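Residues per chain are reported as follows:
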Amino acid sequence: MKQCNLKVAHIRHLKGGYVDLTLTYDESLEVPEPGQFFMLKPHNTLLARPISVHNFFYVLKRGYVEFLFKVVGEGTYELSRKVRGDYVTVWGPIGNHFPVFEARKTAILVAGGRGIAPLFYLATTLFDKGYDIYLFYGVKESDELVHLLRLKNLCNRLFITTEDGKRGKKGIITNLFSDSINQYFDIREQTSLFDEKRARLPVCYVCGPDIMIERVCEISLKHDIETYISLEARMACGTGVCLGCAVESRGGRIYHICKDGPVFNAKEFYCL
Amino acid sequence: MKEFGVSLSSLSLKNPIMVASGTFGFGFEYRDFYDTSILGAIVSKGISLNPRQGNYGNRILEIKGGLINSIGLENPGIDGFVSDILPKIEDIKTTYIVNVLGSDLEEYINVVSRLKDIPRVDGVEINISCPNVKSGGLSFGRDLNQTRELARGIRKIFPKPIIFKLSADLPYIEIAKIMRDEGIDAVTCINTIQSIAIDIDRKDFYFKNIYGGLSGPAMKPVALRVVYQVSKEVGIPVIGCGGIMSYRDVIEFFMAGATAVQIGTANFCSPDAAKRILEDTIIYLKKNKISSVEELRL
């Protein structure tokens, strides 16, 4: 992990208060893995904001890191006012990452709201590895749906729900996920057919509001699908010293999201 | 930077910039960012006899100009410190001070007695703001007789430098006088200030334990007051601590009477904060031809 000032290469203001901030990467930083995050320091707040890597790519051998965030308070507002050429102080990449299994070939991604941010980068990585990707993506208002064209390109199927019903199916993503999972993946059959070849089973990756994660994990774990969740918490430092980002596991153990996470096996937090 | 060394009774530091307990882990965590051996001293996360898991629920809240924490003294305990932490800090080449917690006199004494034979540990800083089990959970330092007994007890068994960390919520002048009389080397002024945050949406206190500790720039004027009063009225070396974000804040603390300072919350705001503040302070001292920080005192 290193601290750097990165130059704003591109900033786009998307619908629903979302901002897509692309920074020119510094070669001294490690290449981020899907699921990792950076601390981005706004000038007007005391603390930096933890924001997950939305994408990482090269153009003409130069690296770029992309962050997708929603303006929710003073810090994210200040970051959203950056213009091309400005600098942002960052440190990272921080934390563990989504495990990507070479032997598996099917991934189910479930994103709620800004939970799409790290899952997009994961989707690009899985796509490069030849995975079949099924993305469930739910938002409150249809304006919040971001990067639909890019996502359609990456995914075999894209399931969308909006609570206002203007795009996709009206309702919440957990319901669509629950309804679809047997139908499209025929999990039970697969489980019995490939009991010895568990590697053929899909892997599920989830990021979104806590309540959505909980509901999705209940369903996926019931179907015996290996599930990984990305959690968030308020934190002061991102370096493992403030101990502010503690979460309690199912066994009552305290984990720190910046050091032990942000990605966890769902079984650490949820059971059948 | 040797020329800016300072002495606080028997504690000698190569420069007056320390890092505060709880904001720098155990010192090895920030090695990715810079060589932490340049610091005057590192004060570790508080260590208790047994491991503590810390508080459940919200632990951190940023407010205007400050930070409220309710971490709950999470730490690996003295055994965990010896087995897991010590090997990682052997190569840190600066003064290493272990912050010590306790819920009663025996716990403090037990932890300190385990630390006294560890060569890497150059001193201890005693946190007396912990809830005292025997006084119904009030801060240890509330009971002046117990505080005196604690200072005396630790002084008797620990031959290396001892610092006591005072709080603006406690009768700090009386406590500082006790420390001076019991041969304690220095006092750190001040610990976080007890605070409350309320979440009007949840219609509840923000922290499960109701109270948290305020740190950051918002507390600096209070810290300066305590440093000024203690250094003026008591005559014990003072380590200033509270909301230092830049070298200018450091100089303010020197002017108020501090001999050294601790950088706390700033370490969270920027991992290289203490390094930057140290470098800027040295530049200031050189530029103004100040050979000893005492010259700055108002």
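Residues numbered from 1 in each chain as written. Chains lettered and ligands numbered in written order. Predicted model: local features only at pLDDT ≥ 70, side-chain atom pairs only at ≥ 80, totals over all residues.

Secondary structure assignment for chain B yields 8 helices and 16 strands. Here chain B has a C-alpha radius of gyration of 18 Å; the compact-globule value for 298 residues is 19 Å, and the two agree. Along the longest, intermediate and shortest principal axes, the C-alpha atoms of chain B span 50 × 50 × 40 Å. Expressed as a percentage of its 298 residues, the buried residues of chain B come to 53%. Nonlocal contacts in chain B, meaning residues at least 24 apart in sequence, comprise 67% of its contacts between residues at least 6 apart. (Helix = DSSP H or I, 4+ residues; strand = E, 2+ residues; numbered from the N terminus. Rg over C-alpha atoms; globule rule 2.2 N^0.38 Å. Buried ≥ 20, exposed ≤ 12 C-beta atoms within 10 Å, placed from the backbone. Contact = placed C-beta atoms within 7 Å.)

Residue and element names in this part refer to chain B. Look at helix α2 (residues 105–115) against helix α3 (residues 144–157): their axes get within 10 Å of each other, and the N-to-C directions meet at 20°. Taken together, the axes of α2 and α3 are roughly parallel relative to one another. Here the hand of the crossing between α2 and α3 comes out right-handed. On the side of α2, the interface is formed by Leu-105, Tyr-108, Ile-109, Val-112 and Ser-113, while α3 contributes Gln-146, Glu-149, Leu-150, Gly-153, Ile-154 and Ile-157. Among the residues making up the contact of α2 with α3, the classes are represented as 7 nonpolar, 3 polar and 1 charged. (Axes fitted to C-alpha atoms, helices over the stretch in contact; angles between N-to-C directions. Parallel < 35°, antiparallel > 145°, perpendicular 65-115°, else oblique. Left-handed = near helix turned anticlockwise from the far one by under 90°. Nonpolar A, V, L, I, M, F, W, Y, C, P; charged D, E, K, R; others polar.)

The interface of chain A with chain B comprises 22 residues on the first partner and 25 residues on the second. Of all the secondary-structure elements, those providing two or more residues to the side of chain A that touches chain B are β1 (2–13), β6 (87–94) and β13 (246–248) of chain A. For the side of chain A that touches chain B, a count of residues per class yields 12 nonpolar, 6 polar and 4 charged.

This brings us to the confidence of the model for chain A. Summary statistics for chain A give a mean pLDDT of 90 and a share of 93% for residues scoring 70 or more. The low-confidence segment residues 192–199 of chain A, where pLDDT is below 50, has 4 contacts with residues more than four positions distant or belonging to other chains. (pLDDT = per-residue confidence, 0-100.)

Take unusual backbone geometry next. Residues and elements named next belong to chain A. Here the residue pair Gly-92 and Pro-93 is connected by a cis peptide bond, since its omega of -10° sits within 30 degrees of zero. Mapped onto the secondary structure, Pro-93 falls in strand β6. With an omega of 10°, the peptide bond between Gly-261 and Pro-262 qualifies as cis. Relative to the helices and strands, Pro-262 is located in the loop between α7 (257–260) and β15 (263–265). A positive phi angle is found at His-147, which is not glycine, with a value near 55°. Relative to the helices and strands, His-147 is located in the loop between β8 (132–139) and α3 (148–154). Notably, Leu-243 is not glycine yet its phi reads approximately 60°, a positive angle.

In this section: the confidence of the model for chain B. With 97% of its residues at a pLDDT of at least 70, chain B reaches an overall mean of 94. In the predicted complex, the global pTM is 0.92; the interface-specific ipTM is 0.90.

Before going further, it helps to examine the nonpolar core. Core analysis: the largest hydrophobic core is formed by 177 residues, its most contacted members being Leu-109 and Leu-135 of chain A together with Val-187, Cys-189, Val-227 and Val-261 of chain B. Ranked by residue count, the leading element in this core is helix α2 (residues 116–128) of chain A, at 8 residues. Residues from two domains meet in this core; each of domain 1 (2–94) and domain 2 (106–230) of chain A gives at least three. Residue contacts for Leu-135 of chain A: discarding those within four places in its chain leaves Leu-109, Ala-111, Ala-123, Leu-151, Cys-155, Leu-158 and Phe-159 of chain A. (Core = buried A, V, L, I, M, F, W, Y, C linked by C-beta atoms within 7 Å. Domains from an automatic or database assignment.)

Quick look at the domain arrangement of chain A now. All names here are of chain A. Each assigned domain of chain A is listed here: domain 1 (2–94) and domain 2 (106–230). Domain 1 and domain 2 are separated by 25 Å when their C-alpha centres are compared. Broken down by secondary-structure element, the contributors of at least two residues to the side of domain 1 that touches domain 2 are β4 (49–59) and β5 (62–70). With 5 residues, β4 is the single largest residue contributor to the side of domain 1 that touches domain 2. Partitioning the side of domain 1 that touches domain 2 into residue classes produces 7 nonpolar, 5 polar and 2 charged.

What follows covers helix α8 (residues 273–287) of chain B. Residue and element names in this part refer to chain B. For α8, which comprises 15 residues, the first-to-last C-alpha distance of 21 Å matches the rise-based estimate of 21 Å (1.5 Å per residue) to within 8%. All of the buried residues along α8 are Ala-273, Ala-274, Lys-275, Ile-277, Leu-278, Thr-281 and Leu-285. Where α8 is buried, its residues contact β3 (17–19), α6 (247–256), β16 (260–263) and α7 (266–269). Directly after α8, the chain includes Lys-289, whose backbone phi takes a positive value near 50°. (Expected span 1.5 Å × (residues − 1).)

Within the secondary structure layout, Cys-242 of chain A lies in the loop between β12 (226–230) and β13. Sequence separation of Cys-242 of chain A and Gln-36 of chain A is 206 residues, and the distance between their C-alpha atoms is 18 Å.

Take the sheet that holds β4 of chain A next. Residue and element names in this part refer to chain A. Reading around the circumference, β1-β2-β5-β4-β3-β6 is the order of the 6 strands in this closed barrel, with antiparallel pairing throughout. Between one strand axis and the next, the sheet turns by 45° as a mean value, whatever way the strands run. Against the sheet, α2 touches β4 and β5, its axis set at about 30° to β4. (Pairing = 2+ DSSP bridges.)

Moving on, we get to the sheet that holds strand β5 (residues 60–63) of chain B. All names here are of chain B. Strand order across the open sheet formed by 4 strands is β5-β6-β14-β11, with antiparallel pairing between neighbours. Looking along the sheet, the strands with just one partner apiece sit at the ends: β5 and β11 (193–196). Each neighbouring strand pair of the sheet contributes to a mean axis angle of 35°, computed without reference to strand direction. The pairing of β5 with strand β6 (residues 66–69) spans 4 bridges and is classified as antiparallel. Paired with Glu-62 across the bridge in β6 is Leu-67.

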